[in-house]
Amino acid sequence: MVTAARPLPPLPRATARPPRATAVRHLGPNWYACVMGTAIVASAGAALPPHLPGLRPALTAVWAASALLLLVLLGARALHWLHHRDQARAHLLDPAVAPFYGCLSMALLAVGGGALSVGRDWIGTRPAVVLDAVLFTAGTVIGLAAAVTVPYLMAVRHRVTADQAAPTWLLPLVAPMVSAALGPHLVPHLPPGQARETLLLACFALFGLSLLATLLMLPLVFARLLTGGPLPLALTPTLFLVLGPLGQSTTAVGAFAQVAPGVVPQPYDEGFRLLAVLYGVPVMGFALLWLCLAAAHVVRARRRGMRFAMTWWSFTFPVGTCVTGAEALARHTGLLAYDALTLALYAVLAGAWAVAAWHTARGLLSGALLAGPAPAPSVPRPVTGRTR
């Protein structure tokens with residue numbers, strides 16, 4: 001008697017995604033904020049007024065951690081684009097996610113700047129300069145691309161309205177300002193003459209690009225806050241993102257003034273020194289005002305049940321730029337008040353980083369931060385209406 005053969009089980013699909021690809025399915029560009037927030041702890045602490053014993057090695061270790069984290073995230077995001085390309089493209093077309101592509105630029109720049117400020121203690125000055133130059137170039141190119149692409153998509157594809165304005169809209173616009181603030185540190189390592197002056201003035205152009213774009217966008221964010229009511233609880237920490245362009249621009253003008261003598265002809269070098277104080281002092285004053293306003297909103301949200309989300313990393317890098325801005329003002333004015341402000345802001349930065357890092361590590365160990373639907377829970381959705 002002939003019996004029918006049992007059908008063979010189907011062969012495994014060759015296109016099945018490996019476990020690693022599944023693990024990064026919901027990994028959005030907002031995760032680069034972890035790198036930014038960690039690197040700024042190291043670079044901002046490098047110029048603190050008191051030189052405490054053991055501080056420098058600790059800061060170098062923090063920078064090394066940020067560099068390692070950057071490598072891990074770059075690899076994970078490459079897997080995301082390779083195996084979840086449709087989702088990655090959808091992120092660019094999502095008005096809530098697309099602005100976070102500016103974080104990639106700032107992460108590269110922050111790690112590169114940290115290499116020159118503290119990382120050279122471990123890897124040497126020449127390798128630190130090479131690493132900073134590579135990351136500065138890549139970060140600047142990506143930042144300029146984001147500064148053009150994201151607003152273009154917002155205009156022609158995203159179809160956003162004024163009542164959807166959020167502080168995250170500033171992210172792609174502030175990336176060139178980070179280049180402007182960190183680029184001058186490479187000027188002394190270039191040959192004297194045209195090369196140095198070209199880089200310094202290019203950074204000054206990036207400063208103007210980012211500043212004017214921010215001045216166009218910031219009124220939309222402030223108007224949304226006043227007329228639309230407080231942001232949803234999970235998005236309230238993003239109010240601290242406004243500090244980014246304020247503190248970073250103050251840092252930038254201070255860096256221009258520091259390297260301008262001997263690089264640009266007189267009287268332009270003196271003009272940079274005047275700009276460092278005449279621009280930096282009032283902008284830092286407004287930054288402190290916004291810091292108090294944002295902190296009040298966060299306290300309100302916390303009392304109403306705000307839980308941890310990746311938006312808590314907004315407490316780190318923007319505050320760190322205010323630390324470096326206060327350091328620049330202390331250096332150019334000689335006032336002890338700015339030294340005290342630097343120490344106070346750095347204490348806030350260190351505490352915020354510790355809290356964000358602890359909760360992020362705990363969330364990763366439990367799988368909570370990567371298990372939800374894409375994008376990650378911290379990525380803000382368009383905000384409409386008044387939230388009470």
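Residues numbered from 1 in each chain as written. Predicted model: local features only at pLDDT ≥ 70, side-chain atom pairs only at ≥ 80, totals over all residues. Heavy atoms only, no water.

The helix and strand tally for the protein stands at 13 helices and 0 strands. Burial analysis of the protein (388 residues in total) assigns 51% to the buried set. Pairs at least 24 residues apart make up 83% of the contacts formed inside the protein by residues separated by at least 6 positions. (Helix = DSSP H or I, 4+ residues; strand = E, 2+ residues; numbered from the N terminus. Buried < 20%, exposed > 50% of the residue type's maximum accessible area, 1.4 Å probe, protein only. Contact = heavy atoms within 4.5 Å.)

Our focus in this paragraph is the packing of aromatic side chains. The geometry of an aromatic ring pair is captured by two quantities: the separation of the ring centres and the angle between the planes. Taken as a whole, this structure holds 11 aromatic pairs when the rule is applied. Summarising the aromatic geometry, the rings of F204 and F207 are spaced 5.9 Å apart at their centres and angled 15° between planes, so their arrangement reads as stacked. One end of the pair is F204 and the other is F207, both in helix α8 (residues 194-228) and 3 residues apart, which spans about a single turn. Judged by centre distance (5.9 Å) and plane angle (85°), the rings of F207 and F256 are edge-to-face. (Phe/Tyr/Trp six-rings, centres within 6.5 Å; stacked < 30°, edge-to-face > 60°.)

Let us look at the packing of helix α10 (residues 268-278) against helix α11 (residues 280-303). At a closest axis distance of 4 Å, the pairing of α10 and α11 adopts a crossing angle of 25°. One way to sum up the angle between α10 and α11 is to call them roughly parallel. Note on element contacts: α11 touches α10 through G280, V281 and P282, opposite L275, A276, V277 and L278. Residue composition of the contact of α10 with α11, by class: 6 nonpolar, 1 polar and no charged. (Axes fitted to C-alpha atoms, helices over the stretch in contact; angles between N-to-C directions. Parallel < 35°, antiparallel > 145°, perpendicular 65-115°, else oblique. Nonpolar A, V, L, I, M, F, W, Y, C, P; charged D, E, K, R; others polar.)

The final tally for this structure, using the stated rule, is 2 salt bridges. With a closest N to O distance of 2.5 Å, R56 and D121 form a salt bridge. With R56 in helix α3 (residues 55-83) and D121 in helix α5 (residues 102-123), this pair connects stretches of sequence that are 65 residues apart. Overall, the relative accessible area of 28% leaves R56 in the partly exposed class. Taking the relative accessible area as the measure of exposure, D121 reaches 40% and is therefore partly exposed. (Salt bridge = Lys/Arg side-chain N within 4 Å of Asp/Glu carboxyl O.)

Along α10, the residues classified as buried are D269, F272 and A276. Across the axial projection of α10, the buried residues extend over an arc of 50°, all falling on one side. (Arc of directions from axis to C-beta.)

What follows is about the layout of surface pockets. Volume-wise, the largest pocket comes out at about 710 Å³. Together, 32 residues line the largest pocket, and S43, G113, S117, L182 and H185 are the ones closest to its centre. Contributions of two or more residues to the lining of the largest pocket are made by α2 (32-45), α5, α7 (171-182), α9 (243-259) and α12 (317-333). Per-element accounting of the lining of the largest pocket gives the leading share, 7 residues, to α5. (1 Å grid on protein atoms, 1.4 Å probe; cavity = no way out; pocket = protein on both sides within 12 Å on 5 of 7 lines; lining within 4 Å. Points joined across faces, edges and corners; volume = space filled by probe spheres on them.)

This part covers α8. For α8, built from 35 residues, the straight-helix expectation of 51 Å at 1.5 Å per residue is met to within 8% by its first-to-last C-alpha distance of 50 Å. After α8 finishes, the residue G229 shows a positive phi value of roughly 85°. (Expected span 1.5 Å × (residues − 1).)

Let's shift gears to empty space enclosed by the protein. Considering all chains together, one arrives at 2 cavities of 30 Å³ or more under this definition. The calculated volume of the largest cavity comes to roughly 230 Å³. Forming the boundary of the largest cavity are 24 residues, of which A33, M36, L171, L241 and S314 lie nearest the centre. Secondary structure elements with two or more residues in the lining of the largest cavity: α2, α5, α7, α9 and α12. Residues belonging to the lining of the largest cavity are distributed by class as follows: 15 nonpolar, 9 polar and no charged.

Shape descriptors only; they carry no functional weight alone.
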